[in-house]
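# Commentary on secondary and tertiary structure
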Amino acid sequence: MDNNNKVQLIWGCALVLMGVAVFFRVPAVIEEISETFDLNSGFYFFRFSFYLIAAILIGGGVKKIQNYWPFK
């Protein structure tokens, strides 16, 4: 197993962990932003955007992990 595959596995795990962290951090960030700015019209858009970022991070990490262990 070469070193590049290990780096990709570690990177995939980091992406999944960051995606989960973003997922749990979204409510606090949205509350902080809504107190600072008037987000009556864009509240749901910001919430959706942050959850989409979390889903993309998790999906990319899972894809990298799956590439490390190919299913036969």
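Look up: the structure comes first, before these words.
Described in the following lines is the structure provided in the data block. Keep in mind it's a predicted model, so treat the numbers as computed, not measured.

### Side note on the overall build of the chain
Broken down by element type, the chain carries two helices and zero strands. Taken over C-alpha atoms, the radius of gyration comes to 16 Å for the chain, far larger than the 11 Å a tight globule of 72 residues would show. Projected onto the principal axes, the alpha-carbon positions of the chain cover approximately 55 × 20 × 15 Å. With 72 residues in all, the chain has 17% of them scored as buried. By sequence separation, contacts in the chain at least 24 residues apart represent 81% of the contacts at least 6 residues apart. Here the chain displays about 5,700 Å² of accessible surface, and carbon together with sulfur accounts for 67% of that area. Positive and negative side-chain charges of the chain, numbering 6 and 5 respectively, have mean locations separated by a distance of 21 Å.

### Things to note about helix α2 (residues 43–68)
Between its first and last C-alpha atoms α2 spans 38 Å; for 26 residues at 1.5 Å apiece the expected length is 38 Å, and the two agree. On its buried side, α2 packs onto α1 (3–36).

### Side note on α1
The end-to-end C-alpha separation of α1 is 46 Å, in line with the 50 Å expected for 34 residues at 1.5 Å each. Approximately 45 degrees is the largest bend angle found in α1, and it occurs at arginine 25, with the proline proline 27 only one to four residues beyond. Restricting attention to buried positions, one finds in α1 the residues Leu9, Gly12, Leu15, Val16, Gly19, Val26 and Ile30. On the buried face of α1, the contacting elements are α2.

### Focus: a nonpolar patch on the surface
Taken together, Val20, Phe23, Phe24 and Tyr51 make up a surface patch of nonpolar side chains, about 390 Å² in accessible area. When residues of the nonpolar patch are assigned to their parent elements, the largest contribution, three residues, is made by α1. Turning to its location among the elements, phenylalanine 24 is positioned in helix α1.

Conventions and cut-offs
Residues numbered from 1 in each chain as written. Predicted model: local features only at pLDDT ≥ 70, side-chain atom pairs only at ≥ 80, totals over all residues. Heavy atoms only, no water. Helix = DSSP H or I, 4+ residues; strand = E, 2+ residues; numbered from the N terminus. Rg over C-alpha atoms; globule rule 2.2 N^0.38 Å. Buried < 20%, exposed > 50% of the residue type's maximum accessible area, 1.4 Å probe, protein only. Contact = heavy atoms within 4.5 Å. Areas by Shrake-Rupley, 256 points an atom, 1.4 Å probe, with all protein chains shown as cover. Lys, Arg positive; Asp, Glu negative; His and termini not counted. Charge placed at Lys NZ, Arg CZ, Asp CG, Glu CD. Expected span 1.5 Å × (residues − 1). Bend = angle between axes of the 7 residues up to and from the residue. Patch = residues over 30% accessible without salt bridge, like charges linked within 9 Å, V, L, I, M, F, W, Y side chains within 5 Å. Salt bridge = Lys/Arg side-chain N within 4 Å of Asp/Glu carboxyl O.

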